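Structure at a glance
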Amino acid sequence: MIPPSFEYHRPTDVAGALAVLAEHGDDARVLAGGHSLIPMMKLRMADVPHLIDLQDVAALKGIDISGDQITIGAMTTQHELIASDALHAAAPIIREAALQIADPQVRYMGTIGGNVANGDPGNDMPGLMQCLDARFTLEGADGTRTVAARSFYEAAYMTDRDDEEILTHISFAAPRGGYAYEKQKRKIGDYATAACAALIERDGDKVAAASVAMTNLSDIPVFSEAAAAALVGSACDDAAVKAAVGAALEDIDPTEDNRGPVEFKMHVAGIIISRAIQRAWSRA
Amino acid sequence: MNDLTPDRDERVANLKGLGCSRKRVEDARFTQGKGNYIDDISLPGMLHGDFVRSPYAHARVKSINTDAAMALDGVIAVLTAKDLEPLSLHWMPTLAGDKQMVLADGKVLFQGQEVAFVVARDRYIAADAVDLVEVEYEELPVLVDPFEALKSEVVLREDLDGQTEGAHGPRKHHNHIFTWEVGDEAGTNAVIDDADVVAEETMYYHRTHPCPLEPCGCLASMDKVNGKLTLYGTFQAPHVVRTVASLLSGIEEHNIRVVSPDIGGGFGNKVGVYPGYVCSIVASIVTGVPVKWVEDRMENLMTTAFARDYWMKGRISATREGKITGLHCHVTADHGAFDACADPTKFPAGFMNICTGSYDIPIAYLGVDGVYTNKAPGGVSYRCSFRVTEAVYFIERMIEVLAIELNMDAAELRRINFIRKEQFPYQSALGWEYDSGDYHTAWDKALAAVDYEGLRKEQAERVEAFKRGETRTLMGIGLSFFTEIVGAGPVKNCDILGMGMFDSCEIRIHPTGSAIARLGTISQGQGHATTFAQILASEIGIPADSITIEEGDTDTAPYGLGTYGSRSTPVAGAATAMAGRKIRAKAQMIAAYLLEVHDDDVEFDVDRFVVKGAPERFKTMGEIAYAAYNQAIPGVEPGLEAVSYYDPPNMTYPFGAYVCVMDIDVDTGVTDIRRFYALDDCGTRINPMVIEGQIHGGLTEALAVAMGQEIAYDDMGNVKTGTLMDFFLPTAWEVPNYETDHTVTPSPHHPIGAKGVGESPHVGGVPCFSNAVQDAFRPFGLRHTNMPHDHWRIWKTANGLGLHDT
């Protein structure tokens, strides 16, 4: 658990960080909260000759709520997300999900940007961001662009982000209606055996709009358009939930690990998705 | 005396002696980060060691090229088996009479095995150099299943090939280590074959690991000028380490000083001798400067001593009324690549022959076959006396299975079969003499405390509701009644490598009436500095706050066998009381002289000696201590010191009654422990608060083992659970609220009646948690399912019983 030696960079602005990235290319990585990258370096599974610590880049921190638009700086910690009453009022699903990430010590360091940018299928925020239809802002030498969370993830640890870009902000519209982030894990600090984010808007007795996305049930987060479609227009009764669960299960592809074999994960995923939908509906 | 003289109760309270919930004196430094652990120790010029380890579970080592590593600036040496061979240190003896490679000698036998030892100027360079050592391997067939190993033509231990005799008798196969048999097999089989009712079950007690917070490490410092070797390390038995180091190195024992500093938990993991210790010593001897080696978490989990890994096959017979008539147990014990179990020499399966449990079973048999596989060596007693967790799990599961066979309530079945109070001292069918117990009283108290009848009624209602489709949650009631066997042990039958398992205490009273006591044991968090001072306070009348307890430095402490198997209080605690009584005997003579009466005319009273019948005439222990050093007393040597080496006449047998109430989500396998009640009887209670802490800790480790903690291997011998992501270490979040309770049945042979308690909650807790899971599914036809009861295995049980069919 001793990493190879590396150069440590600590820029104070995004331009400074981009300059180091441009200079060293593949040999440089940005460091956010460090809960994924540092262990990989200690295990010598990641070789990072130039480590760019972003913690002094003030422009990457903070939560901005303007009307129904929410923008969160990439270096905002999970703890800061949980502690923000304004964010909780605007998007309560964030606190509900963030409280299910690891433990307080990890959440004091772990950031939303690191969580979404690393591309680890076990991370909770990517699925949640897909559920919220969030957009990620990426800055590089050629300027700034935004990418939808729903099209950002390509494969495990592979994303649309270019090696020389930095994910700087995350923005999404404040969700309306009911919400739930349901997660089964073996213990505190574990990744999900299965997790599901659900948002449901109600119109009278019917579902007006829905969004369902899942965590750690494929090599990327999974947004299930078909699951949402099965709910919209229904009374969110048992038959509709069953149809939505069936549709969502069609979209996932879990793999066997120490949490259990595929058969178990598919079954638990169905239970977790159904609970998320029912809880979101109960709050809609 | 006058009105200001404290009354007797106040004087007793001032001592903070036996029965006082005195706060732990160690905690001031531990809670402030001021502990002194092995990695806190730094010596001038110190070098750092790190291991090249095998990625393969079984492979021939074709070549090792250290050139690139040696070329790295700051690398001092790279040791391989070839370098150790001239010193005959490429192999070392194990505590179980086997031998173990220190560094790979031609082949590797488990993943993570030590192949080469790099010594460098700092820890970072050492790690870089490890990557530069080139090792060429040729993979060999891997055996991770002991039953396969006993059939396979693959020879794991080529060094033993052709040897038909091992340390514990004949070997049946080249991968077989020993057969150990206790009891009357023919007689037991005859009883079982003729019995009204017989229950059979095979159960696997999975491999796990003690996983102390602090991993293992040491710092060796060879002073070539004075010829003295100092060895600091995470040793649960520092004196034994000194003797073994002397025997291995040829350095005379008086020239070796072993120091165990603060130790961050042991749980059996720090009893053994590891290659890192040997390599550090050799490296320090070679380089002439101190060499430190501290392993990381993955190395600790993957390579240091594991626990359990027992395949247990049982048959138990009873009358139709439920009276047990016989018990047969056979164990296939997976010992990994080397037999490095830490057991008393004559007990290759530890005290597994306590497997008749708390029950009056007239005839029994135990057979154990030890087997080599391509897994890490070890087989230590993880928070239990030697293999007692396995024994208690076995009998507490067999009782449950028998209850199913008899269609009887498992609590009632236990009650019918408990050894009765009047039967103690009780001779068990497998050779132990239980010193004392009152099981029925404890059991009745426990069942009443949890309203057992009410729980069973609620459970029956839940089952009906489940069948009606109104709930998807089942309720399990876990029962366990355990008898521990601790305090190893009587020298007549307990030794480790020939060293008798006595223990010791040496006391010096200072002239001003305070004291220091040194013991042969070593605390790893048990709170010895707190509790041994309390024993002494009550014995010699000096306040516990005025007594320093010191352990772990072999230059100053008396020889002892160390701390494991809940032996410190039964053995060293007894030595402390006995040494205290020697102090008191001398103090009595001094007091009599000072009071100008005959020795027999004074008596001890809390903190003083008083003239019989005239309590206003007295001398306090402080006055006596001062006189001992500063007054010429005819016929009495100056000073006030004593030493006692205590060879216990018997083990002690703590016991307890536990109940767990658990709700289980049938669809996800998620469990919720609603209630856990633990009644412990450890005899005389020295410090109730420390006992409660011990019970909380032991139950939490029991929760871990029962509900998810395991060292799992794939077919290639790769460790699948080598990090704390996958190896379950419970946090406050997963731990339920524990209700503790007690009865007190003092040990009749221990000087203060104490029995040892640190491991009881682990021994009793594992079957209790497991039985709760199994009990939840009993109404649906489950007989037995193996631990650990993690979500997917519970789900699989429910699935197998058809509970997911809609």
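Position labels on residues start from 1 in each chain and follow its written sequence. All chains are assigned letters beginning at A, and all ligands numbers beginning at 1, according to the order in which they are written. Local features in a predicted model are, by the rule used here, given only for residues with pLDDT of at least 70; side-chain atom pairs are given and counted only at 80 or more, and totals for whole chains, interfaces and linings are based on all residues. Water and hydrogen atoms play no part in the side-chain values, which are based on all heavy atoms of the structure.

**Overview of helix 9 (residues 275-287) of chain B**
Residues and elements named next belong to chain B. Helix and strand definitions here come from DSSP, where helices need a minimum of 4 consecutive H or I residues and strands a minimum of 2 consecutive E residues; each element is numbered from the N-terminal end. What a helix is expected to span follows from its residue count: subtract one and scale by 1.5 Å. Over its 13 residues, helix 9 extends 18 Å from the first C-alpha to the last, a length consistent with the 18 Å expected when each residue adds 1.5 Å. For the exposure calls, accessible area comes from a 1.4 Å probe over protein chains only, and a residue counts as buried if that area is under 20% of its type's maximum, exposed if over 50%, partly exposed in between. Counting buried residues along helix 9, ten of its 13 residues qualify, which places the element largely inside the surrounding structure. Every buried residue of helix 9 is accounted for by P275, G276, Y277, V278, C279, S280, I281, V282, A283 and S284.

**Things to note about the UniProt feature "domain: Aldehyde oxidase/xanthine dehydrogenase a/b hammerhead" (unreviewed entry) in chain B**
Taking the UniProt record as the reference, the feature "domain: Aldehyde oxidase/xanthine dehydrogenase a/b hammerhead" (unreviewed entry) is found at residues 32-141 of chain B. With 17% helix and 36% strand, the stretch residues 32-141 of chain B has end C-alpha atoms that lie 51 Å from each other. UniProt positions are given in the numbering used here, feature names are shortened, and annotations may be inferred rather than shown by experiment.

**Regarding the interface of chain A and chain B**
Buried accessible area, meaning the area lost when the parts come together, often serves as the stated size of an interface. Contacts between residues were defined by any pair of non-hydrogen atoms, one from each residue, lying within 4.5 Å. Counting from both sides, the interface comprises 24 residues of chain A and, opposite them, 27 residues of chain B. Here chain A and chain B share an interface that buries about 2200 Å² over both sides, 58% of which is from carbon and sulfur atoms. The largest per-residue losses of area from chain A upon contact with chain B belong to A:I2, A:K187 and A:N258, which jointly make up 27% of the total buried on that side. By definition here, a salt bridge exists when the distance from a side-chain nitrogen of Lys or Arg to a carboxyl oxygen of Asp or Glu is within 4 Å. For the interface between chain A and chain B, the tally reads four salt bridges. The closest approach of N and O atoms between B:D726 and A:R186, which form a salt bridge, is 2.9 Å. Residues adjacent in sequence count toward polar contacts only when both atoms are side-chain atoms; beyond that, a polar contact is any pair of N or O atoms within 3.5 Å, and within protein one must be able to donate a hydrogen and the other to accept it. Across the chain A-chain B interface, the total number found is 14 residue pairs in polar contact (both at pLDDT 80 or more). Every element with two or more residues in the side of chain A that touches chain B is listed here: strand 11 (178-185) and helix 12 (262-283) of chain A. When residues in the side of chain A that touches chain B are grouped by element, the largest group, six residues, is from helix 12 of chain A. Looking at the side of chain A that touches chain B, its residues break down into eleven nonpolar, five polar and eight charged. Buried surface area refers to the total accessible area, computed with a probe of radius 1.4 Å, that the two partners give up upon joining, counted for both partners together. The nonpolar class holds Ala, Val, Leu, Ile, Met, Phe, Trp, Tyr, Cys and Pro. Asp, Glu, Lys and Arg form the charged class, and all remaining residues, Gly among them, are polar.

**Things to note about the UniProt feature "domain: FAD-binding PCMH-type" (unreviewed entry) in chain A**
UniProt records the feature "domain: FAD-binding PCMH-type" (unreviewed entry) at residues 1-177 of chain A, using the numbering of this structure. End-to-end, the C-alpha atoms of residues 1-177 of chain A are 46 Å apart, and along that stretch the chain is 33% helix and 25% strand.

**Quick word on the sheet that holds strand 23 (residues 473-483) of chain B**
All names here are of chain B. If DSSP finds at least two bridges between two strands, the strands pair. Spatial strand order, 23-33-34-35: four strands in an open sheet with mixed pairing. Taken across any chain shown, the strands that pair with only one partner, and hence form the sheet edges, are strand 23 and strand 35 (738-742). The mean inter-strand angle of the sheet, taken between neighbouring strand axes irrespective of direction, is 10°. Of the pairings in the sheet, the one linking strand 33 (residues 655-665) to strand 34 (residues 671-681) comprises ten bridges and is antiparallel in character. Each bridged residue has a counterpart across the sheet, and for G656 the counterpart in strand 34 is D680. Helix-sheet contacts for helix 14 (residues 452-467) involve strand 23, strand 33 and strand 34, and the interaxial angle to strand 23 is about 145°. Fitted lines through C-alpha atoms give the axes, limited to the stretch in contact for helices. The angle between two N-to-C directions lies from 0 to 180 degrees.

**Some points on the domain arrangement of chain A**
Residues and elements named next belong to chain A. Partitioning chain A into structural domains gives domain 1 (7-53), domain 2 (61-173) and domain 3 (178-283). Throughout, the edges of the domains are those of an automatic or database domain assignment. Using C-alpha coordinates to define each centre, domain 2 is positioned 20 Å away from domain 3. When the buried area of domain 2 at its contact with domain 3 is split by residue, E96, Q100 and C131 rank highest and sum to 27% of it. At the junction of domain 2 and domain 3, the tally comes to three salt bridges. In this structure, R279 engages E96 in a salt bridge whose closest nitrogen and oxygen atoms are separated by 2.9 Å. Our enumeration of links across domain 2 and domain 3 arrives at 14 residue pairs in polar contact (both at pLDDT 80 or more). The class makeup of the residues in the side of domain 2 that touches domain 3 is 13 nonpolar, five polar and six charged.

**Looking at empty space enclosed by the protein**
Residue and element names in this part refer to chain B. A cavity here means a set of points on a 1 Å grid, drawn over the protein atoms and nothing else, where a 1.4 Å probe fits but cannot get out; a pocket is an open set with protein on both sides within 12 Å along at least five of seven lines, and a residue lines either one if it has an atom within 4 Å of a point. Grid points are joined across faces, edges and corners, and a volume is the space filled by probe spheres set on the points. Scanning the model with the defined rule gives seven cavities of 30 Å³ or more in all. As a volume, the largest cavity reaches approximately 180 Å³. Taken together, 17 residues line the largest cavity, and the ones lying closest to its centre are L95, Q100, G272, V273 and A340. Mapped by element, the contributors of at least two residues to the lining of the largest cavity are strand 4 (91-93) and strand 20 (378-380). Its residues assigned to classes, the lining of the largest cavity shows twelve nonpolar, five polar and no charged. Each of domain 2 (45-140 + 215-263 + 270-303) and domain 3 (306-487 + 651-800) accounts for three or more of the residues forming the lining of the largest cavity. As a volume, the second largest cavity reaches approximately 150 Å³. Around the second largest cavity, the lining is made up of 13 residues, and of these A245, L248, Y277, V278 and I281 lie nearest the centre. Contributing elements (two or more residues each) for the lining of the second largest cavity: strand 14 (228-233), helix 8 (238-249) and helix 9. When the residues that make up the lining of the second largest cavity are grouped by side-chain class, the tally is twelve nonpolar, one polar and no charged.

**Side note on the nonpolar core**
Residues and elements named next belong to chain B. In this text, buried Ala, Val, Leu, Ile, Met, Phe, Trp, Tyr and Cys residues form a nonpolar core when linked through side-chain atoms within 4.5 Å. Ranked by size, the top nonpolar core spans 185 residues in total, and within it F351, M352, F769 and F777 carry the most contacts. The element best represented in this core is helix 11 (residues 388-406), accounting for twelve residues. When residues no more than four places from it in sequence are discounted, the contact partners of F777 are L474, I664, L782, I794, T797, A798, L801 and L803. If you look at the next biggest cluster of nonpolar residues, it comprises 49 residues, including A529, F532, M621 and Y646.

**Side note on the pattern of salt bridges**
Per the counting criterion, the structure on display carries 75 salt bridges over all chains. Note that B:R793 is salt-bridged to B:D790, the shortest N-O span being 2.9 Å. Owing to a relative accessible area of 11%, B:D790 belongs among the buried residues under this scheme. The structure contains a network of salt bridges with shared partners spanning A:R186, A:D190, A:D257, A:R259, A:K265 and B:D726.

**Looking at the side chain of B:N255**
Checked against the element boundaries, B:N255 lands in the loop between helix 8 and strand 15 (256-259). By relative accessible area, B:N255 is classed as buried at 17%.

**Let's talk about the sheet that holds strand 27 (residues 515-519) of chain B**
Residue and element names in this part refer to chain B. Ordered by their spatial adjacency, four strands build an open sheet running 28-27-26-32, and the pairing between neighbours is mixed. The strands lining the two open edges of the sheet, one partner per strand, are strand 28 (547-551) and strand 32 (641-646). Across the sheet, the mean angle from the axis of one strand to that of its neighbour is 15°, orientation sign disregarded. Here six bridges tie strand 26 (residues 503-509) to strand 32, and the two strands are oriented antiparallel to one another. The residue of strand 32 that forms the bridge with S504 is Y645. Lying on the sheet, helix 16 (residues 568-595) is in contact with strand 26, strand 27 and strand 32; it crosses strand 32 at an angle near 145°.

**Description of the environment of A:A117**
Structurally, A:A117 can be placed in helix 7 (residues 112-117). Beyond its immediate chain neighbours, meaning those up to four positions away, A:A117 contacts A:F152, A:T159 and A:L167.

**Brief notes about a nonpolar patch on the surface**
For patch building, the residue pool is restricted to those with more than 30% relative accessible area and no salt bridge; the joining distance is 9 Å between like charges and 5 Å between nonpolar side chains (Val, Leu, Ile, Met, Phe, Trp, Tyr). Reported accessibility uses the Shrake-Rupley method at a 1.4 Å probe radius. Residues are deemed covered only where the shown protein chains occlude them. A cluster of nonpolar residues, A:M1, A:M40, A:L43 and A:M45, forms a patch on the protein surface that exposes about 350 Å² of accessible area. Turning to its location among the elements, A:M40 is positioned in helix 2 (residues 37-42).

**Some thoughts on the packing of aromatic side chains**
Residue and element names in this part refer to chain B. Pairing of aromatic side chains here covers Phe, Tyr and the six-membered ring of Trp, requires ring centres within 6.5 Å, and sorts the geometry by plane angle: under 30 degrees stacked, over 60 edge-to-face, intermediate tilted. Going through the model one piece at a time under the given rule, you end up with 40 aromatic pairs over all chains. Between the aromatic rings of F235 and Y277, the centroid separation amounts to 4.9 Å while the plane-to-plane angle is 90°, which identifies the pairing as edge-to-face. You can see F235 sitting in the loop between strand 14 and helix 8 and its partner Y277 sitting in helix 9, a full 42 residues away along the chain. What makes Y277 buried here is its relative accessible area of 2%.

**Observations regarding the pairing of strand 30 (residues 608-611) of chain B**
All names here are of chain B. Here strand 30 shows two buried faces, one formed by R608 and V610 and the other by F609 and V611. Note that strand 29 (residues 602-605) and strand 30 share four bridges and pair antiparallel. Within strand 30, the residue paired with D605 across the bridge is R608. Count of turn residues in the strand 29/strand 30 antiparallel hairpin: two residues, of which V606 carries a positive phi of about 65°. Between strand 30 and strand 31 (residues 614-620), which pair antiparallel in sequence order, lie two residues; one of them, G613, sits at a positive phi of approximately 80°.

**A word on the pairing of strand 7 (residues 143-148) of chain A**
All names here are of chain A. Where strand 6 (residues 135-140) meets strand 7, six bridges bridge the pair, whose relative direction is antiparallel. Opposite T137, over in strand 7, you have T146 as the bridge partner. A loop of two residues connects strand 6 with strand 7, the two strands running antiparallel in sequence.

**Structural notes on the state of the cysteines**
Residues and elements named next belong to chain B. Cysteine sulfur atoms that come within 2.5 Å of each other are treated as a disulfide pair. If you walk through the whole model with that rule in mind, you get zero disulfides over all chains. No disulfide involves C341; its sulfur sits 11 Å from that of C384, the nearest cysteine. On the basis of relative accessible area, C341 is assigned to the buried category, the value being 1%. Looking at the unpaired C768, the closest cysteine sulfur is the one in C660, lying at 5.2 Å. By relative accessible area, which is 0% here, C768 ends up buried.

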